[in-house]
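Summary of the model geometry
The lines below spell out each chain.
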Amino acid sequence: MSQIDTTISPIIENFQSKFMVDSNLPPTMPRNMSFHNGFSDPVSPASPVYESLIEKINKKIENKETWFSLEFFPPKTVNGASNLISKFEFLGSGKPLFCDITWHPAGDPASDKPTSSMKIANVMHNYCLLETMLHITCYGQTKESMKQYLDKAKSIGIRNLLALRGDPAVGTEWQYQENGFNYATDLVKFIRENYGDYFVICVAGYPHGHPDSNSYEEDLMHLKEKVDAGADFIITQLFFKAETFLKYVDDCRRIGIACPIIPGILPIQSYDSLRHICKLSKLEVPQNIVNAMEKIKGNDEAIRIYGIEQAVKLCKDLMQAGVLGVHFYTLNRDVAVTEILRILELWNKDTEPRRLPWKSKQLCSYSRPDEDVRPIFWSIRPKSYVCRTSDWDQFPNGRWGNSSAPSFGDLKDYHIFYSKINTKDCLAQWGSELNDETDVWNVFASFVSGRPNKNGVKITSFPWCEEGLASETSLLTDELERLNTQGILTINSQPSVNGAPSSDPVVGWGSSDGYVYQKAYLEFFISKSFLPFLLQSLEKYPRVIYHIINRSGDINLTNCTLLNPNAVTWGVFPGKEIVQPTVVDPVSFMSWKDEAFNIWTDFWGKLYEPNSSSKRLLENISNNYLLVNIVDNEFQKESCIWSILNEMLELKAKN
């Protein structure tokens with residue numbers, strides 16, 4: 001046992017005797033529990049009413065509002081999946097009405113592989129919070145296998161499907177399947193028969209006629225069959241002239257197809273990709289486009305500019321004719337599509353108000369619509385929280401309730417987000433070599449302050465923070481920077497707020513007609529050598545709640561009641577119960593601390609060679625530092641947290 005451990009042990013024993021705190025927190029309940037056994041009955045305002053995608057589309061049409069949607073395909077590698085997720089997050093900021101992901105039968109599309117269609121749809125929907133539509137093809141499938149696919153899609157919260165026949169495997173011919181799926185119409189009927197109106201169903205339309213149809217008119221009648229079977233709307237295959245689409249819509253209306261028809265737009269991004277896609281689609285490229293492309297086919301930048309100009313002109317022609325929504329085939333690229341959307345003024349720059357403090361976007365995941373309470377620890381890592389609670393049957397609503405109930409799963413899907421980290425960029429920001437603890441402290445200080453690190457590189461990402469600093473952190477920047485340079489390594493914080501308007505651009509959330517409150521909160525790592533001085537300082541502040549723990553859990557000190565969570569954020573709104581969306585929960589903190597400590601070694605530490613001094617330093621910090629959270633319950637007054645930590649530093653300096 002080290003000298004520090006020898007010193008700390010009697011302090012811990014004295015603390016536990018003094019406050020009669022059991023360091024062994026109660027066990028959690030099994031996963032997949034019912035929250036009726038733990039979380040209380042709802043007392044908060046009614047959760048958002050589900051609005052289906054077709055209702056959103058029809059509302060846009062009724063109000064004559066423009067919109068756009070985006071299509072992606074599953075990448076072949078995990079790194080490709082990570083890069084695609086980054087594009088979801090960026091393009092999602094432009095507020096597409098929905099996004100879809102294609103279905104590749106040869107790529108094991110319903111598996112749990114990071115590159116499968118189902119997994120990408122899951123991430124798009126539940127982590128990136130985008131209205132998601134999953135393509136699904138039926139050719140060659142049995143009714144049993146299709147039921148499994150659809151059940152799995154439903155289980156991850158997917159509510160929108162693009163129903164397609166699909167093509168036979170390469171080198172094989174289409175054959176009629178007795179009692180099977182032969183056409184997309186069969187799939188639409190199957191979905192409606194087995195799932196009613198649960199899924200919104202889209203089908204494909206072909207302005208030039210389906211290549212396998214005997215005639216254009218015959219293909220139109222097949223489209224009507226799909227709509228009559230229960231399809232809600234249509235997205236067309238690509239085309240090159242506005243009049244082609246407009247004639248197609250007129251022809252559809254003529255035979256009684258009344259549902260929305262959305263034009264599919266392919267921005268030309270390379271000469272080869274255009275030729276390949278047109279070959280697969282059996283489309284003829286207009287001669288004027290062929291001539292223009294031939295002249296610039298060796299110049300990628302010129303092709304990109306030409307493709308943007310063509311797409312903009314096509315969309316403008318459509319909009320001038322009354323078309324409101326356009327669907328872009330992105331080919332998993334974002335630059336050209338973004339520029340087109342901005343030129344067309346479809347890119348939405350408006351920032352939506354936060355419905356809840358930990359929701360940076362409006363929640364699109366209707367699999368957890370009632371959720372309105374979370375532990376504050378994961379406010380810095382919302383994707384991790386969604387991942388670890390994805391197996392819950394119900395989600396807390398109204399208040400957190402009995403803290404013995406929640407059981408957090410592992411981070412089985414989280415490697416998808418981890419793998420998108422650029423090692424070179426991270427080393428430049430966090431240090432290619434860490435010589436001592438002060439190098440680590442300075443990384444924390446640079447992140448919270450926004451100042452460049454010692455090498456002049458600005459730290460834009462951080463191991464414990466998925467989405468950057470919250471706007472309210474700006475109110476605490478000076479104090480946080482000062483503390484971090486002295487070894488108090490902060491990872492989560494919020495200032496006290498006493499009745500600020502809910503419309504406040506920094507701390508506001510919820511509807512604009514209320515008032516919000518919050519207690520000052522700080523979470524940080526410190527060396528074990530600080531512990532006796534921290535406890536000594538804390539004794540002067542009886543209104544402060546705290547929890548101190550190390551990686552192994554053999555140091556576990558708190559003065560709070562273990563089964564009673566402490567609300568740290570709440571709001572008051574007209575005609576509603578008080579909303580308490582953020583809590584400090586002792587049992588959840590036990591699950592969070594494992595994740596928080598593991599980040600030192602399993603994330604940051606992995607950037608360095610196995611036996612390097614940098615890696616050993618981070619392992620040492622993980623094993624010998626404490627994780628602390630402090631709540632100042634006196635939200636009406638200036639926070640005492642800074643005084644507590646200043647006194648701790650002074651006491652340590654004297655010893």
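Residues numbered from 1 in each chain as written. Predicted model: local features only at pLDDT ≥ 70, side-chain atom pairs only at ≥ 80, totals over all residues. Heavy atoms only, no water.

Thoughts on the pattern of salt bridges
If you walk through the whole model with that rule in mind, you get 26 salt bridges. Glutamate 339 is the salt-bridge partner of arginine 304, the closest N and O atoms lying 3.2 Å from each other. Of this pair, arginine 304 sits in helix 11 (residues 300-320) while glutamate 339 is found in helix 12 (residues 335-343), placing the two residues 35 residues apart along the sequence. The class for glutamate 339 is partly exposed, based on a relative accessible area of 34%. Close ionic contact of aspartate 317 with lysine 313 constitutes a salt bridge, the shortest N to O distance being 3.0 Å. Here aspartate 317 pairs with lysine 313, and both are found in helix 11, just four residues apart, close to one helical turn. In this structure, a network of salt bridges that share partners links the residues Glu217, Lys247, Asp251 and Arg254. (Salt bridge = Lys/Arg side-chain N within 4 Å of Asp/Glu carboxyl O. Helix = DSSP H or I, 4+ residues; strand = E, 2+ residues; numbered from the N terminus. Buried < 20%, exposed > 50% of the residue type's maximum accessible area, 1.4 Å probe, protein only.)

Description of the sheet that holds strand 7 (residues 261-265)
Around the barrel, which closes on itself, the eight strands sit in the order 1-2-3-4-5-6-7-8 with parallel pairing between neighbours. Adjacent strand axes in the sheet meet at a mean angle of 30 degrees when their direction is disregarded. Note: strand 4 (residues 160-164) against strand 5 (residues 200-205), four bridges, orientation parallel. Its bridge partner lying in strand 5, asparagine 160 is registered against valine 200. Here helix 11 sits on the sheet in contact with strand 7 and strand 8 (325-329), set at roughly 165 degrees to strand 7. (Pairing = 2+ DSSP bridges. Axes fitted to C-alpha atoms, helices over the stretch in contact; angles between N-to-C directions. Contact = heavy atoms within 4.5 Å.)

Describing the nonpolar core
Judged by nonpolar contacts, the single largest core of 76 residues is most densely connected at Val440, Trp464, Phe525, Ile548, Trp600, Trp604 and Leu645. The greatest single-element share of this core, amounting to eight residues, is contributed by helix 19 (residues 586-604). Trp103, Leu130, Val188 and Leu314 belong to the second-largest nonpolar core, a separate cluster that totals 75 residues. (Core = buried A, V, L, I, M, F, W, Y, C linked by side-chain atoms within 4.5 Å.)

Regarding the pairing of strand 18 (residues 625-632)
Taking burial as the measure, the eight residues of strand 18 include eight buried ones, the bulk of the element. Because side chains alternate across strand 18, one face comprises the buried residues Tyr625, Leu627, Asn629 and Val631, and the other comprises Leu626, Val628, Ile630 and Asp632, equally buried. Bridging between strand 13 (residues 520-527) and strand 18 involves eight bridges; their strand directions are antiparallel. Within strand 18, the position partnered with isoleucine 526 by the bridge is leucine 626.

Re the sheet that holds strand 18
Backbone-to-backbone hydrogen bonds join strands into a sheet, with any given pair of strands oriented parallel or antiparallel. Pairing in this open sheet of five strands is antiparallel, and the strands run 10-13-18-14-15 from one edge to the other. Either end of the sheet is taken by a strand with one partner, and the two such strands are strand 10 (489-494) and strand 15 (556-558). Averaged over all adjacent pairs, the angle separating strand axes in this sheet is 10 degrees, with direction ignored. In this fold helix 17 (residues 477-484) packs onto strand 10 and strand 13, with an angle of close to 160 degrees to the strand it touches most, strand 10. Contacts from helix 18 (residues 531-538) reach strand 13, strand 14 (544-550), strand 15 and strand 18 within the one sheet, and its direction differs from that of strand 14 by about 165 degrees.

What to know about unusual backbone geometry
Phi is positive for lysine 64, close to 55 degrees, though the residue is something other than glycine. With respect to the helices, strands and loops of the structure, lysine 64 is situated in the loop between helix 2 (53-62) and strand 1 (67-72). Look at glutamate 345: it is not a glycine, yet its phi comes out positive at around 60 degrees. By the secondary structure assignment, glutamate 345 is in the loop between helix 12 and strand 9 (374-375).

Describing the pairing of strand 3 (residues 132-137)
Burial runs high along strand 3: six of the six residues are buried. Here strand 3 shows two buried faces, one formed by Thr132, Leu134 and Ile136 and the other by Met133, His135 and Thr137. Relative to strand 3, strand 2 (residues 98-101) runs parallel, the two sharing three bridges. Its bridge partner being in strand 3, aspartate 100 is matched across the sheet by methionine 133. On the question of chirality, the crossover connecting strand 2 to the parallel strand 3 by way of helix 4 (residues 117-127) is right-handed. As judged from the five bridges shared by strand 3 and strand 4, these two strands associate in the parallel manner. By the bridge assignment, histidine 135 is partnered in strand 4 with leucine 162. Assessed by its sense of winding, the connection that carries the chain from strand 3 through helix 5 (residues 143-155) to strand 4 is right-handed. (Right-handed = clockwise from strand over helix to strand, strands pointing away.)

Considering the packing of helix 16 (residues 437-449) against helix 17
The interhelical angle for the contact between helix 16 and helix 17, taken along N-to-C directions, is 170 degrees, at an axis separation of 8 Å. As judged from the angle between their axes, helix 16 and helix 17 are roughly antiparallel. Contacts between helix 16 and helix 17 involve Trp441, Phe444, Ala445, Val448 and Ser449 from the first element and Thr477, Leu480, Glu481 and Asn484 from the second. Residues of the contact of helix 16 with helix 17, tallied by class, amount to five nonpolar, three polar and one charged. (Parallel < 35°, antiparallel > 145°, perpendicular 65-115°, else oblique. Nonpolar A, V, L, I, M, F, W, Y, C, P; charged D, E, K, R; others polar.)

Details of helix 6 (residues 184-195)
The end-to-end C-alpha distance of helix 6 is 16 Å, a good match for the 16 Å that twelve residues give at a rise of 1.5 Å each. Of the positions making up helix 6, those classed as buried are Ala184, Thr185, Leu187, Val188, Phe190, Ile191, Arg192 and Tyr195. Count one or two residues on from helix 6 and you reach glycine 196, which has phi positive near 55 degrees. (Expected span 1.5 Å × (residues − 1).)

Some points on the environment of leucine 134
Residue position: leucine 134 is located in strand 3. Take leucine 134: its relative accessible area is 0%, and that puts it in the buried class. For the pair leucine 134 and aspartate 100, spaced 34 residues apart in sequence, the C-alpha to C-alpha distance is 5.6 Å. Setting aside anything within four residues of it in sequence, one finds leucine 134 in contact with Ile101, Trp103, Ser117, Met118, Ala121, Ala153, Ile158, Asn160, Leu161 and Leu162.

So, the packing of aromatic side chains
Counting across every chain of the model gives 31 aromatic pairs. Considering the side-chain rings of phenylalanine 444 and tryptophan 464, the 5.5 Å spacing of their centres and the 40 degrees angle between planes classify their relative orientation as tilted. Remark: tryptophan 464 occurs in the loop between helix 16 and helix 17 and phenylalanine 444 occurs in helix 16; sequence separation between them is 20 residues. Neither phenylalanine 444 nor tryptophan 464 differs from the other in exposure class; each is buried. Taken together, the ring pairs connect Trp430, Phe444, Phe447, Phe462, Trp464, Phe525, Phe597, Trp600, Phe603 and Trp604 into an aromatic cluster. The lysine or arginine in question, lysine 154, covers the ring of tyrosine 198, its NZ or CZ lying 4.7 Å from the ring centre. Across from the ring centre of tryptophan 347, 4.9 Å away, lies the NZ or CZ of arginine 342, which sits over that ring. (Phe/Tyr/Trp six-rings, centres within 6.5 Å; stacked < 30°, edge-to-face > 60°. Lys NZ or Arg CZ within 6 Å of the ring centre and 35° of its normal.)

Considering the environment of lysine 60
Along the polypeptide, lysine 60 turns up in helix 2. In contact with lysine 60, not counting residues within four places along its chain, are Glu65, Thr66, Trp67, Leu97 and Leu324.

Focus on the confidence of the model for the chain
Scored by pLDDT, the chain has a mean of 85; 85% of the residues are at 70 or more. Element-level mean pLDDT values for the chain span from 50 in helix 14 (residues 415-418) up to 98 in strand 18. For the stretch residues 19-47, pLDDT sits under 50, and the model shows 72 contacts to residues farther than four places along the chain or on other chains. (pLDDT = per-residue confidence, 0-100.)

Examining the side chain of threonine 137
Relative to the helices and strands, threonine 137 resides in strand 3. Look past the residues within four positions of threonine 137 in its chain and what remains in contact with it is Trp103, Pro105, Met146, Leu164, Arg165 and Gly166.

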